[in-house]
Amino acid sequence: MSDVETRFSEIYESLYGRVHAYARRRVGSEAADEVVAETFMVAWRRFDAMPREPLPWLYGVARNVVLRHRTAAARQQAGRRALELEREPTDPSEDPELWEAWSQLSDGEREVLALVAWEELRVADAARCLGCSAPVFSVRLHRARKRLERLLAGPQGAANPISTLTEVS
Amino acid sequence: MTPQRPPTLARVARANPARADDERGRSAAAQVVLNQILASDRSGGPHPVRRRSRRVLVLAMAALLLAVGGALAATDPFGLFRSPNPGTAIYGVDLNRHVVPPTVYQIECPSTSGHGFRCGAHLGGRKYMLLDHVQASGPRLTRPFMQRALRQAVRRGQISAQTGHRFAADLAVVSDDFLARLSDLMRHATLTASLTSDGKKPLAPPPGVPSLLVCEPAAASLSCQDMNGDDHAAIGSGIYRAVPSADWRPAPPQRRDPSWQLEVAILGHAPTPAELRVLFDLATPASQSSSSGTVTTTTAPTTQAP
């Protein structure tokens, strides 16, 4: 195995799970394998362009693959809400208020929140993934978070349940 | 990650519907994909495939149709539109059908017989790998198109002015019906995949198991059929190559494709001299271009036509 193949294999094995989780949250379990395979195929072909910190870059590639996948799925299955983030059947009853509010966010709002909360990217890395500057991403994140808070608070902006939650490091 | 998140983000994080499994990349399934990726060409498509030029096939098929009529292609009583060799498919592109290109990298087919059998990512059965997608063979070879292409070829220096004049003269004496048949024949091509398990000895699947499939999206899965002999492959369809398994055996010696037999048997008598000249005119510029290429190369008609 060449040095390039060895390096690629190491990256593949260490980050496969992260990219798979990213894909699973966006296209569901069925299509996640496919998205991940295509993402790493692109990564292999563009290995020379892969930055030293590859994860945000891989998320960016995966995002493009997901978008293409959704476009294809939307064409194939007219009427189905292909752009909706898929919720896995692991904990559908857990925090239903959050999911209700989540479903009312735009795709863009969900994406910035997911990159930070689920992909655990720093603002600079998440911004790189979306192809925007860190300040722009920060603004988007702030707006998305505020919108989610408003949705969670309900139409009257009454008792905000999230205020009682403990912080998560 | 910031050390302390706003409560909203913390709540979203706790509701994470799919947590990452860091060991997943070492699973058997992931390793299969890794091996397939590493086996592929970093600059393009997978290694073990080559697409032949359409040129020889076009010549042979054109001669065949001129000799015995276009109806033969539809019925194919002699099996002339199928390759006898494992790993090779003769197929025709249906220029009127476009499908969304499937992207599933590896599929499984519980059954591989008949037309439109179902394959998908986790259905069990024979395994196939995505190689390429069916590409349009190009615009129809109408007389105005060919005359325009001739002028362009001369202008770009691809052929000399003298050759251009000769080609134009040849073109002027063949009928529109001949050009229409020829245009239809340009839909056809051959695809050859090298089928090996260890990169050395060619293998063949058991009888009845296609080595190359053409697949279209169908609901949540793919609708596939043997690519060899398929005369109506939709543009965008996925081309899948069989993954060798334990029941594969050494491939028999290669036999001549029907196109070669036809070329030898028929080229001498059926077409008129003028039609033959046009066929060879068409082939001449194609031999100077890159009409035969790798999996990802589109065989553009503009490189085949003068």
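What counts and what doesn't
Residues numbered from 1 in each chain as written. Chains lettered and ligands numbered in written order. Predicted model: local features only at pLDDT ≥ 70, side-chain atom pairs only at ≥ 80, totals over all residues. Heavy atoms only, no water. Helix = DSSP H or I, 4+ residues; strand = E, 2+ residues; numbered from the N terminus. Buried < 20%, exposed > 50% of the residue type's maximum accessible area, 1.4 Å probe, protein only. Contact = heavy atoms within 4.5 Å. 1 Å grid on protein atoms, 1.4 Å probe; cavity = no way out; pocket = protein on both sides within 12 Å on 5 of 7 lines; lining within 4 Å. Points joined across faces, edges and corners; volume = space filled by probe spheres on them. Nonpolar A, V, L, I, M, F, W, Y, C, P; charged D, E, K, R; others polar. Salt bridge = Lys/Arg side-chain N within 4 Å of Asp/Glu carboxyl O. pLDDT = per-residue confidence, 0-100. Disulfide = S-S within 2.5 Å.

### Let's talk about the overall build of chain A
Point 1. Secondary structure summary: chain A contains six helices and zero strands in total.
Point 2. If you list the helices and strands of chain A from N to C, you get α-α-α-α-α-α.
Point 3. Buried residues in chain A amount to 49% of all 169 residues.
Point 4. The long-range share in chain A, meaning contacts at least 24 apart out of those at least 6 apart in sequence, stands at 60%.

### Side note on the layout of surface pockets
Residue and element names in this part refer to chain B.
Point 1. Looking at the second largest pocket, its volume works out to about 520 Å³.
Point 2. Lining the second largest pocket are 31 residues, with Arg82, Gly208, Val209, Pro210 and Asp226 sitting closest to its centre.
Point 3. Elements with a contribution of two residues or more to the lining of the second largest pocket: β2 (88-98) and β9 (221-226).
Point 4. By residue class, the composition of the lining of the second largest pocket is 13 nonpolar, 13 polar and five charged.

### Observations concerning the pattern of salt bridges
Residues and elements named next belong to chain A.
Point 1. Counting across every chain of the model gives 16 salt bridges over all chains.
Point 2. Here aspartate 125 ties to arginine 122 by a salt bridge, and the two come within 2.9 Å at their closest N and O atoms.
Point 3. For aspartate 125, a relative accessible area of 7% translates into the label buried.
Point 4. Close ionic contact of arginine 128 with aspartate 125 constitutes a salt bridge, the shortest N to O distance being 2.9 Å. Taken as a pair, arginine 128 and aspartate 125 lie in helix α5 (residues 123-130) at a separation of three residues, close to a single helical turn.
Point 5. Residue class for arginine 128 comes out exposed when judged on its relative accessible area of 52%.
Point 6. Put simply, Arg25, Arg26, Glu111 and Glu119 are held in one network by salt bridges that share partners.

### Looking at the confidence of the model for chain A
Residues and elements named next belong to chain A.
Point 1. When pLDDT is averaged along chain A, the result is 76, and 76% of the positions lie at 70 or above.
Point 2. Element-level pLDDT for chain A is lowest in helix α2 (residues 54-76), with a mean of 77, against a maximum mean of 90 in helix α6 (residues 134-153).
Point 3. Confidence drops under pLDDT 50 across residues 75-92; counting only partners more than four residues distant or on other chains, this segment forms 32 contacts.

### Side note on the confidence of the model for chain B
Residue and element names in this part refer to chain B.
Point 1. For chain B, per-residue confidence averages 70 on the pLDDT scale, and 66% of positions sit at 70 or higher.
Point 2. Taken element by element, the predicted model of chain B shows its lowest mean pLDDT in helix α10 (residues 301-304) (25) and its highest in strand β4 (residues 117-119) (94).
Point 3. Below a pLDDT of 50 lies the segment residues 285-306, which in the model reaches 55 contacts outside its immediate sequence neighbourhood of four places, other chains included.

### Here's the deal with the state of the cysteines
Point 1. With the rule as written, the count across this model stands at two disulfides over all chains.
Point 2. The disulfide partner of Cys109(B) is Cys119(B), and the S-S distance across this bridge is 2.0 Å. Residues Cys109(B) and Cys119(B) are joined through a disulfide that is right-handed, its torsion about the S-S bond being 110°. Of this pair, Cys109(B) sits in strand β3 (residues 106-109) while Cys119(B) is found in strand β4, placing the two residues ten residues apart along the sequence.
Point 3. Since its relative accessible area comes to 1%, Cys109(B) is described here as buried.
Point 4. At a sulfur-sulfur separation of 2.1 Å, the disulfide partner of Cys215(B) is Cys224(B). Where Cys215(B) bonds to Cys224(B) through sulfur, the torsion about that S-S bond is close to 115°, and the disulfide is right-handed. The burial state of Cys215(B) is the same as that of Cys224(B); both residues are buried.
Point 5. The connectivity of the disulfide bonds within chain B can be written as 1-2, 3-4, using the sequence rank of each bonded cysteine.
Point 6. In this model Cys129(A) remains outside any disulfide bridge; the closest cysteine sulfur is found in Cys132(A), 9.1 Å from its own.
Point 7. Residue classification places Cys132(A) among the buried positions, given a relative accessible area of 16%.

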